[in-house]
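# Secondary and tertiary structure notes
Here is what each chain is made of, one letter per residue.
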Amino acid sequence: MAEQTHVLFVEDDDVIREATQLALERDGFAVTAMPDGLAGLEAFRADRPDIALLDVMVPGLDGVSLCRRIRDESTVPVIMLSARADSIDVVLGLEAGADDYVTKPFDGAVLVARIRAVLRRFGHASGPGSAGSGQDESGAEDGGVLNFGDLEIDTVGMEVRRGDAPVALTPTEMRLLLEFSSAPGTVLSRDKLLERVWDYGWGGDTRVVDVHVQRLRTKVGQDRIETVRGFGYKLKA
């Protein structure tokens, strides 16, 4: 029997917490549910879950602060939950290191689909064109390294260096960079990036892309990824 995926769920509303925990468990997940951020942080450190679902507005340590604390220690995927679709909530959560967000009230099936989408891309962090082909879409042989100015990308070892310094990327940031590096100089639309990186088979919020691009730029160089206004982004070859 396959090992269960362990979900840390932090939510202060008793009804939502219990109902969501039961729904996730029915779908085969093992769930640790906590009512506040401090208890959530303790549970994260004790259990090292496979994914964290964090409500933005929880007592003790709010969800955004908890996400930052988790991101300081781990690249485990994080999905933020918010009762508001407010831009500030969304952007703060993503800037703190969250990989995705879901607005409450949410349908249980939608939440499970988003969890599985995040887990799929974290489980396949080797990126586009890497499975069994011997060659990725950029033309780099397996074991090869892509170079863009001072940026060096090992597409098999999943390591990035800028000059002589290693660059620490989350799996989502790595997949985003691999998408850009697979087609340098080609404009990739936000919708295409949502489909390829976030595994969205449906329309998604393009702010997820914009915030992750900004975070990636701070790590690989602000001028390395160019905005093509009205169309999307491209990696400068």
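Refer to the structure printed above.
A brief report on the enclosed structure follows. Given the structure is predicted, the values throughout are model-derived calculations rather than measurements.

## Remarks on the overall build of the chain
When you go through the chain residue by residue, the secondary structure sums to eight helices and 11 strands. Within the chain, buried positions represent 46% of all 237 residues. For the chain, the accessible surface area stands at approximately 11,000 Å², while carbon and sulfur atoms represent 50% of it.

## Describing the nonpolar core
In terms of nonpolar packing, the biggest core is built from 49 residues, with Leu54, Met80, Ile153 and Phe180 touching the most fellow members. The element contributing the most residues to this core is helix α8 (residues 207–220), with six residues.

## Focus: the sheet that holds strand β1 (residues 6–10)
With parallel pairing, the five strands of this open sheet are ordered in space as β2-β1-β3-β4-β5. Of all the strands in the sheet, the pair left with one neighbour each is β2 (30–34) and β5 (100–103). Each strand axis lies, on average, 20 degrees off the axis of its neighbour in the sheet, ignoring direction. Pairing geometry for strand β3 (residues 51–55) and strand β4 (residues 78–82), over four bridges, is parallel. When the bridges of β4 are listed, Ala52 appears paired with Val78.

## Some words on the pairing of β3
Within β3, five of the five residues are buried, which leaves the element mostly enclosed by the surrounding structure. Burial along β3 is two-sided: the residues Ile51, Leu53 and Asp55 and Ala52 and Leu54 are all buried. As paired strands, β1 and β3 are joined by four bridges and run parallel to one another. By the bridge assignment, Phe9 is partnered in β3 with Leu53. Once you follow β3 into helix α3 (residues 63–73) and on to β4, the crossover reads as right-handed.

## Digging into helix α6 (residues 171–182)
For α6, built from 12 residues, the straight-helix expectation of 16 Å at 1.5 Å per residue is met to within 8% by its first-to-last C-alpha distance of 16 Å. Among the 12 residues that make up α6, 12 are buried, leaving the element largely enclosed by the rest of the structure. Every buried residue of α6 is accounted for by Pro171, Thr172, Glu173, Met174, Arg175, Leu176, Leu177, Leu178, Glu179, Phe180, Ser181 and Ser182.

## Comments concerning unusual backbone geometry
In this structure, the amide linkage connecting Lys104 to the following residue, Pro105, adopts the cis form with an omega of -5 degrees. Mapped onto the elements of the fold, Pro105 is located in the loop between β5 and α5 (108–123). Non-glycine residue Arg48 carries a positive phi angle of around 50 degrees. Within the secondary structure, Arg48 sits in the loop between α2 (37–47) and β3. The exposure class assigned to Arg48 is partly exposed, which follows from its relative accessible area of 43%. One non-glycine residue with positive phi stands out, namely Met158, at about 55 degrees. Residue placement: Met158 occurs in the loop between β7 (151–154) and β8 (159–162).

## Overview of empty space enclosed by the protein
Tallying each qualifying case throughout the model produces one cavity of 30 Å³ or more. Of the volumes computed, that of the largest cavity is approximately 40 Å³. Lining the largest cavity are Val56, Met80, Leu81, Ser82, Asp89, Val90, Gly93, Leu94 and Tyr101. Secondary structure elements with two or more residues in the lining of the largest cavity: β4 and α4 (87–95). It is α4 that provides the largest number of residues to the lining of the largest cavity, a total of four residues. Looking at side-chain class alone, the lining of the largest cavity contains six nonpolar, two polar and one charged residues.

## A short note on the side chain of Glu173
Mapped onto the elements of the fold, Glu173 is located in helix α6. On the basis of relative accessibility, which here comes to 0%, the residue Glu173 falls in the buried class. Apart from residues lying up to four places away in sequence, Glu173 is in contact with Ala168, His212, Arg215, Leu216 and Lys219.

## Thoughts on the environment of Val167
Inspection of the secondary structure puts Val167 in strand β9 (residues 165–167). Residue Val167 is classed as buried on the basis of its relative accessible area, which comes to 14%. Leaving out residues up to four positions away in the same chain, Val167 has contacts with Val160, Arg161, Arg162 and Lys219.

Thresholds applied
- Residues numbered from 1 in each chain as written.
- Predicted model: local features only at pLDDT ≥ 70, side-chain atom pairs only at ≥ 80, totals over all residues.
- Heavy atoms only, no water.
- Helix = DSSP H or I, 4+ residues; strand = E, 2+ residues; numbered from the N terminus.
- Buried < 20%, exposed > 50% of the residue type's maximum accessible area, 1.4 Å probe, protein only.
- Areas by Shrake-Rupley, 256 points an atom, 1.4 Å probe, with all protein chains shown as cover.
- Core = buried A, V, L, I, M, F, W, Y, C linked by side-chain atoms within 4.5 Å.
- Pairing = 2+ DSSP bridges.
- Axes fitted to C-alpha atoms, helices over the stretch in contact; angles between N-to-C directions.
- Right-handed = clockwise from strand over helix to strand, strands pointing away.
- Expected span 1.5 Å × (residues − 1).
- 1 Å grid on protein atoms, 1.4 Å probe; cavity = no way out; pocket = protein on both sides within 12 Å on 5 of 7 lines; lining within 4 Å.
- Points joined across faces, edges and corners; volume = space filled by probe spheres on them.
- Nonpolar A, V, L, I, M, F, W, Y, C, P; charged D, E, K, R; others polar.
- Contact = heavy atoms within 4.5 Å.

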